[in-house]
Amino acid sequence: MSKIQAPTKNLSGHVEKAELLDRLKSWAGFLSEIDQEGDKSELSEICASLVSPDLLEYQDAEVKLFVACCAADVLRIYAPEAPYADEQLKEIFMLFVEQLRGLEDIKGKSFKRYFYLLENLACVKTFILCMELDAPDIILSLFRTFFQIFNERHVGKVQTFMMDIMITIMQEGDSIPQDVVDIILMHIIQPYKSRKPAAHSLAKELINRSVTYLEPNLQKFFNAALMKGIETDSGLHSRVYDLIKELNLVCPSILLAVLPQLQEKLKSSDFNERLEVTRLLAEMFSERGSDLANKNKHLWRCFLGRFNDIEAAVRAECIKSCKNFILDHLSLADVRVV
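Quick look at the structure, then. No experiment lies behind these values; they were computed from the predicted model shown.

Details of helix α6 (residues 111-124)
Here α6 spans 20 Å end to end across 14 residues, near enough to the 20 Å set by a 1.5 Å rise per residue. All of the buried residues along α6 are F111, Y114, F115, L117, L118, N120, L121 and A122. K125 lies just past α6 and shows a positive phi near 55°.

Written as structure tokens, this is what we have:
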């Protein structure tokens, strides 16, 4: 195989779109054939041109896509280092996130090129560089983009590579921003659970595959949200009981430290609080396929005590769940309330 020659023309100054695309395609082909051990001596011109304002601010969609693909290959070749300053890297990563939106339409004429970008970023774990830039807005935008564009037509490798990128970010970060956690959690509750079933499935898989990394955020959130007078930095503060219910279906183990707090709230002197928790636990215990009562007998016994609650509304909430217990948990229904 003959030695690959770098394109000789730079991209500075005004260039017509057709010529610009020809040059970028030439660069894309050239870069895609260079591995990490390859000769980098001929790449300085390409590296500099890719972060020039003429290219980064170019408004044509196809040009931007090829710039992003070239930049991804440059970062692949130079990994784990990068031939750019931090501010230049931030611009490149913002471009990556913007271009990944093109994955939404799998029938689009440029879908294969958008997929190339996704695969490259996932396999090289390029976003580890972004974690070192102190750029939480870029990470948040990436997660938001994935959940916005992911749909039922995305099967196989698209989902796999999106998942790989998000999990890598969660693994490598010192902590996960609460805004990012909110993006994930909001897709397991209504209205997103019904409106975006594909994104709902994506969120469930991500939670199950990243329990270790999510747990500190979730424990902090639930500890604060379940205690009166303590605000959280989460936008889902008011949906705490909805989240507990859905997480019990998605990943019950993540609630091990939360259940004792619910048990205490069943004994609360606050009627409204007692009513809300009774309603929540009635749904969780009676859910078809639930094994919560067998695994949490103290909590189950405490819940049974609400059948004798001083407030009629709480007792009524318990009685509403009896039908489901009889239909789906007959062994639980055969318990005397004392």
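Text resumes after the structure shown.
Re the packing of α6 against helix α9 (residues 157-172)
The geometry of α6 relative to α9 is characterised by a closest axis approach of 9 Å and an angle of 40° between their N-to-C directions. Crossing of α6 over α9 shows left-handed handedness. Between α6 and α9, the residues in contact are F111, F115, L118, E119, L121, A122 and C123 and K157, V158, F161, M162, D164 and I165, respectively. Here the contact of α6 with α9 is composed, by residue class, of 10 nonpolar, no polar and 3 charged.

Re the state of the cysteines
Applying the stated criterion across every chain, the model contains 0 disulfides. Here C70 is not cross-linked by a disulfide; its sulfur's nearest cysteine counterpart is in C69, at 7.1 Å. Residue C70 is classed as buried on the basis of its relative accessible area, which comes to 0%. Note on C318: no disulfide assigned, nearest cysteine sulfur contributed by C322 at a separation of 7.8 Å.

A short note on the pattern of salt bridges
As enumerated under the stated definition, the model contains 17 salt bridges in all. Put simply, D242 and R239 hold a salt bridge, and the shortest N to O gap is 2.6 Å. The closest approach of N and O atoms between D309 and R306, which form a salt bridge, is 2.5 Å. D309 gets classed as buried once you look at its relative accessible area, which sits at 2%. One continuous salt-bridge network, built from bridges that share partners, spans D164, E205 and R209.

As for the environment of L236
Within the secondary structure, L236 is located in the loop between α13 (211-225) and α14 (240-250). The buried category is assigned to L236, whose relative accessible area is 10%. Note: C-alpha distance between L236 and D182 (54 residues apart in sequence) is 6.8 Å. The contact partners of L236, leaving out residues within four places of it in the chain, are D182, L185, M186, I189, F221 and L243.

Things to note about helix α10 (residues 178-185)
Of all 8 residues in α10, 7 are buried, a share of seventy percent or more. Taken residue by residue, α10 has Q178, V180, V181, D182, I183, I184 and L185 as its buried positions. Buried residues belonging to α10 abut α8 (136-149), α9, α12 (197-209), α13 and α14.

Re the side chain of T278
Here T278 is to be found in helix α16 (residues 271-286). The buried category is assigned to T278, whose relative accessible area is 0%.

As for the nonpolar core
Where a protein is soluble and globular, its nonpolar side chains tend to be buried together. F96, F127, F143, F222 and I244 are the most contacted members of the largest nonpolar core, which has 121 residues in total. Considering every element that reaches this core, the biggest residue donor is helix α4 (residues 61-78), with 13 residues. In this structure F96 touches A68, A71, A72, L75, L117, L121, T126 and F127, once residues within four positions along its chain are discounted.

A word on the environment of D73
Tracing the sequence through the fold places D73 in helix α4. Filtering out sequence-adjacent residues up to four positions away, D73 remains in contact with A28, L31, S32, Y116 and N120. At a separation of 2.8 Å, a polar atom in the side chain of D73 contacts the side chain of R76. Among the polar contacts made by the side chain of D73, one reaches the side chain of N120 at a distance of 3.0 Å.

Cut-offs used in this document
- Residues numbered from 1 in each chain as written.
- Predicted model: local features only at pLDDT ≥ 70, side-chain atom pairs only at ≥ 80, totals over all residues.
- Heavy atoms only, no water.
- Helix = DSSP H or I, 4+ residues; strand = E, 2+ residues; numbered from the N terminus.
- Expected span 1.5 Å × (residues − 1).
- Buried < 20%, exposed > 50% of the residue type's maximum accessible area, 1.4 Å probe, protein only.
- Axes fitted to C-alpha atoms, helices over the stretch in contact; angles between N-to-C directions.
- Left-handed = near helix turned anticlockwise from the far one by under 90°.
- Contact = heavy atoms within 4.5 Å.
- Nonpolar A, V, L, I, M, F, W, Y, C, P; charged D, E, K, R; others polar.
- Disulfide = S-S within 2.5 Å.
- Salt bridge = Lys/Arg side-chain N within 4 Å of Asp/Glu carboxyl O.
- Core = buried A, V, L, I, M, F, W, Y, C linked by side-chain atoms within 4.5 Å.
- Polar contact = N/O pair within 3.5 Å; in protein donor to acceptor, adjacent residues only side chain to side chain.

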